[in-house]
Every structure is written in structure tokens, then in C-alpha cells.
Amino acid sequence: MLRRLGLVLLAAALAHSAGAQAVTLKDDRGQAVTLPAVPKRIVSLLPSLTETVCELGECARLVGVDRFSNHPAAVLALPKVGGLDDTSVEAILALRPDLVLLSISSRLTERLEALGLKVIALEPKTHADVQRVLGTVAQVLGRGDEARRVWNRIDGAIKHAAASLPPAARGMSVYYEVDSAPYAAGTSSFIGETLARLGARNIIPPELGPFPKINPEFVVRADPQLIMVGQRNAPGLPQRPGWSGMRAVKDKKICVWLPAESDVLVRPGPRMAEAAALMARCLRDAAAGPVTWPSVAFTAPPGGMR
């Protein structure tokens, strides 16, 4: 009898211990997701989320990532399951994940859930979103205190970048192009918020949203003093109709990001600290005179934001 009672108590204690690790949270769909324990096998379908998991010290839990996840170096050897539009569900299932991290714009969410996989959809667009997503991922990983440390580092680095700028680098009007459609980084985006903290004036008003598609004539009328653009989209920019008369083009104040720099700048995650330093360098260079374009040929494969 005593032995049987002991086994019952042991089973109850184990069940309580397992239950104590369970966590229920809401993702950016507003969907409640319950995880019975800290996931041991994670597939990340968004570069910024991949980088967040690794920055929180849990890179070893990743068993697969999207095609564009390329940082830190530890993820380069992981299986790639595709991009935004060609993700392989079969490849994800073969990795037997406890959890899939993806964006709310992913088309796979319902299908993956129907197949019994745990899914958390997150979509950081602003600084506040990045801080919140850090907290959510840290909660999933059981690393809550690390989220505060990472955010304090990012916030401190942005403050340092702003403080490093001379007066001449402040107040310049800036057009930041994220895609040649053209899509711009708006005032309310994480890129726009970093620019504002560096003292720049974004020509895209907040009411247009974080990343609006704009009419090229809008840029001509706004006549920015400085343009920031990735190397993929830079060729032919000065020859766009009407653009040759803009101050940024006439004064040769166009910062062209190399592919590795673009990766840092367009991902709302742990490397926003490095992104602020890159933007500050651009503002300093533009304040000093014409900005030299990279002489390295563009060789990177097609990429994507986030």
C-alpha cells in the first residue's frame, strides 16, 4: 500500500513539474497558443525571428530556417525549408518541430496548425514591436530576463549612435527606399523610428504607414537631401524621371548599402543596434560632402525584408 501511494505521489509530482513548464501566450494574430514545455526543436521562417532566438542564447534549438536566414553563422548549416512563397510543408514536417515561428503574413499558418504543429505568428514593425517580440520569444524559450538585456543593449546603442553625430548631420531630410517598386520606409516603421532618433527628417509622413508603396513623383516633390538605398535597387536611380534635379542626386548624397548591410538594416531584431550605427555613418558622410558608392559588384541572391 505504501509503495503504491509512493508511486502515485511521484507521478503527481512529475505531472506538476511538467505542467509548471507549460506556457500560454497570445501571438500577433491574437491567437492563444499553449506550449506544454520549452520547445526543443524550432523551425523559424523569418530571419529576424531566427536572429532573435540566437541572440537569446538558444540557437541550438533551431532545427530548420527559411532561405534568407543567414545570421549568425551557426544557422548557415541548418536545413533550409524555402522562402516566403515557396516554403515546403513536407520539409518542415520532416524536421519534427515542437514549434514553428513565422510572420502573420505567412500563408502556411492554418495548414501547419491543421497538421498538428504549434505555430506562433509574430510581426515586428516598430521599435515597440521588436521589444514585445523579444519578450514573447524569450517567454517561449524560458529566457525572460535575457529579453530585457537584449533590448537595453539595442536601445543604448541607438542612443550612442545619435550622440555621436555632429550638428551638421542632424535635421537632413531623408528618403529610405526598401524596394524599387518603390516601397519606402515610413516614419512609423522601425527604420523610420531609428532615423528619427538619429535626428533625420523622413520625407514619408506617418499616415502613409510603415512601408508604403509610393509614387516616384512624391519623392521628386519632397526633394530629399539624402537617399538611402540597397545596392540591388541603386543602379539607374539617378536616371529616374525627374530625379536628376533632386538635391540628393545633384549633391551626390546617396548612401548605397551592400547586401550584408541591407540584411542588418531591414530586419527588425537584435541587430537594430548595428543598423543605427550604419545609418549614423551615412548621415556623417553626407554631412561632410558627396558620398562614394560601393565599388564592389552586386552578387547577392534575391533577398527579402524582415
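Predicted model only: the values in this text are computed from it and were never measured. (Residues numbered from 1 in each chain as written. Predicted model: local features only at pLDDT ≥ 70, side-chain atom pairs only at ≥ 80, totals over all residues. Heavy atoms only, no water.)

**Let's talk about the side chain of T50**
- Mapped onto the fold, T50 is located in helix α2 (residues 47-55).
- The class of T50 is buried, set by a relative accessible area of 0%.
- At 2.7 Å, the side chain of T50 forms a polar contact with the side chain of S44.
- Aside from chain neighbours lying at most four places away, what touches T50 is S44, L62, V65, D66, S69, H71 and V75. (Helix = DSSP H or I, 4+ residues; strand = E, 2+ residues; numbered from the N terminus. Buried < 20%, exposed > 50% of the residue type's maximum accessible area, 1.4 Å probe, protein only. Polar contact = N/O pair within 3.5 Å; in protein donor to acceptor, adjacent residues only side chain to side chain. Contact = heavy atoms within 4.5 Å.)

**A word on unusual backbone geometry**
- Cis geometry marks the peptide bond from H71 to P72; its omega dihedral reads -5°.
- Relative to the elements of secondary structure, P72 occurs in the loop between β4 (62-65) and α3 (89-94).
- The peptide bond linking A181 to P182 adopts the cis configuration, its omega dihedral lying at 0°.
- Along the chain, P182 falls in the loop between β7 (173-179) and β8 (183-184).
- Positive phi, close to 50°, is recorded for D223, a residue that is not glycine.
- One can find D223 in the loop between α8 (216-222) and β10 (226-230).

Function-wise, these values are silent; they only describe arrangement.
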